[in-house]
Amino acid sequence: MKLEQALKEYEKKIEKLKKERAKIEKKYSKKLDKDKREILKRINTLERREIPRDVDDRIKKIVSAERKMYASTLRRMLEKVETMEDFGKLLPELSKLHVSHGKYLLILFEKDIYAINKILKRMSEEYKEYLEKISKTQMPEINLGDIDRERENISREIELLIKEKRQIEADIKRRENELEIFYREADLEGLEREIRKIRGELKKKELELRSKISKLQKPIKRMRTGEEVASRIIENSYYGIEHPDEFLSFLMRIYPRLEGKYKKTAEWLLDNLKEKAGEIIEEKRRLSKIKEERDEILSDGRDLQEEIELLKRKLKEKEEEIVKLKERLEKLEAEYEESVRKLEEILGTEVERR
């Protein structure tokens, strides 16, 4: 069976069931009204009855209070009952009322209480019948039209997001090309290579000098000269590179007290430290200047880089939206298939998918 025809058949069944439901509701609504009127009549009769004269005064007071409570509570409950559903909601309270109206009231007005309980019991049985019949008029809800419309809307939204995503990707590529051209023309890569080269040379030269100075830390410590320069050298060998004149002056003073390998190391430092420390200082100046040039180029390109990062964030947001919509679309496909399966069960025939 074609889907359009199946949906028409489904609507016919729904309309038929609605009519059946309306008949059931009308039938049981009449019964409910009749039962309510009968109970209210019984309550009025109960309230008018006189308590037997041979009953003890204390019991009379108790029974009078119990009857008043029972009648007012039951009457108030019935005022809330307009439909069978209302009655079903009140059933738990009505059940409690049956067992809480007092033993003396039940003894003295047994026939009246029994008559009311009999009606309430009948109403309860009618409510069960009502639920059973109503349940037969219920049918699974089929919303293929709503699902179709949502699927179409989501598909259009995904298509639009994909177009926006491609536009953003094109914008990112264009700006990245602009940034690449700018950096190339400014020779950023050449500056980075030069920075790495100078850093490597500096490290090598500093390591050589620090290694030589470190060899003298032990004998300097043993001499206990008490000079500040000695303490600084023992603490950090780089102090000798940063203050070559001060260190060389100190080294000349202690040179006569050095022996063996320490004397040779001191001789090498006396001959080379000044020159090599100067080279290090010069290299550092050069490195600082090149880094300034590099940082200025990066600063000039920062606005464009920030634009690229912003576009990348937007791209990620679009991609996440697409993923979520595709997941929703998959769920709708499953809901659609499930709805068609239910429709087939209701109609007892196979239905064509779109």
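Refer to the structure presented above.
So, a few notes on the structure that sits alongside this text. Here the structure is a predicted model, which is why all the values come from computation and not from measurement. (Residues numbered from 1 in each chain as written. Predicted model: local features only at pLDDT ≥ 70, side-chain atom pairs only at ≥ 80, totals over all residues. Heavy atoms only, no water.)

1. Focus on the environment of Lys-26
By the secondary structure assignment, Lys-26 is in helix H1 (residues 3-48). Overall, Lys-26 belongs to the exposed group, its relative accessible area being 56%. It is 11 Å that separates the C-alpha atoms of Lys-26 and Tyr-130, two residues lying 104 residues apart in sequence. (Helix = DSSP H or I, 4+ residues; strand = E, 2+ residues; numbered from the N terminus. Buried < 20%, exposed > 50% of the residue type's maximum accessible area, 1.4 Å probe, protein only.)

2. With respect to the packing of helix H11 (residues 244-254) against helix H12 (residues 260-347)
Remark: H11 packs on H12, axes separated minimally by 10 Å, with the N-to-C direction vectors making an angle of 170 degrees. When the axes of H11 and H12 are compared, the pair comes out roughly antiparallel. Helix-helix and strand crossings are classified by hand; for H11 and H12 the assignment is left-handed. Within the contact between the two elements, H11 uses Pro-244, Asp-245, Phe-247, Leu-248, Leu-251 and Met-252 and H12 uses Ala-266, Leu-269, Leu-270, Leu-273, Lys-274 and Ala-277. For the contact of H11 with H12, the class distribution of residues is ten nonpolar, no polar and two charged. (Axes fitted to C-alpha atoms, helices over the stretch in contact; angles between N-to-C directions. Parallel < 35°, antiparallel > 145°, perpendicular 65-115°, else oblique. Left-handed = near helix turned anticlockwise from the far one by under 90°. Contact = heavy atoms within 4.5 Å. Nonpolar A, V, L, I, M, F, W, Y, C, P; charged D, E, K, R; others polar.)

3. Quick word on the pattern of salt bridges
Tallied over the entire structure, the rule returns 34 salt bridges. Glu-180 is the salt-bridge partner of Arg-184, the closest N and O atoms lying 3.7 Å from each other. Highlighted residues: Arg-184 and Glu-180, both in helix H6 (residues 144-185), separated by four residues, approximately one helical turn. For Arg-184, a relative accessible area of 54% translates into the label exposed. The shortest N-O distance in the salt bridge between Lys-205 and Glu-279 comes to 3.5 Å. Here Lys-205 is found in helix H7 (residues 188-215), whereas its partner Glu-279 is found in helix H12, with 74 residues between them in sequence. Lys-205 gets classed as partly exposed once you look at its relative accessible area, which sits at 25%. Glu-279 gets classed as partly exposed once you look at its relative accessible area, which sits at 27%. In the salt-bridge network here, residues are joined through shared partners; they are Asp-35, Glu-38, Arg-122 and Glu-126. (Salt bridge = Lys/Arg side-chain N within 4 Å of Asp/Glu carboxyl O.)

4. Some words on H6
Helix length check: H6, at 42 residues, gives a terminal C-alpha distance of 61 Å against a target of 62 Å (1.5 Å per residue), a fit within 8%. Positive backbone phi, approximately 55 degrees, marks Asp-187, located one or two places after H6. (Expected span 1.5 Å × (residues − 1).)

5. A closer look at a negative patch on the surface
A surface patch of negative charge is lined by Glu-292, Glu-293, Glu-296, Asp-300, Asp-303, Glu-306 and Glu-309. On the secondary structure map, Glu-309 appears in helix H12. Residue Glu-309 is classed as partly exposed on the basis of its relative accessible area, which comes to 33%. (Patch = residues over 30% accessible without salt bridge, like charges linked within 9 Å, V, L, I, M, F, W, Y side chains within 5 Å. Areas by Shrake-Rupley, 256 points an atom, 1.4 Å probe, with all protein chains shown as cover. Lys, Arg positive; Asp, Glu negative; His and termini not counted. Charge placed at Lys NZ, Arg CZ, Asp CG, Glu CD.)

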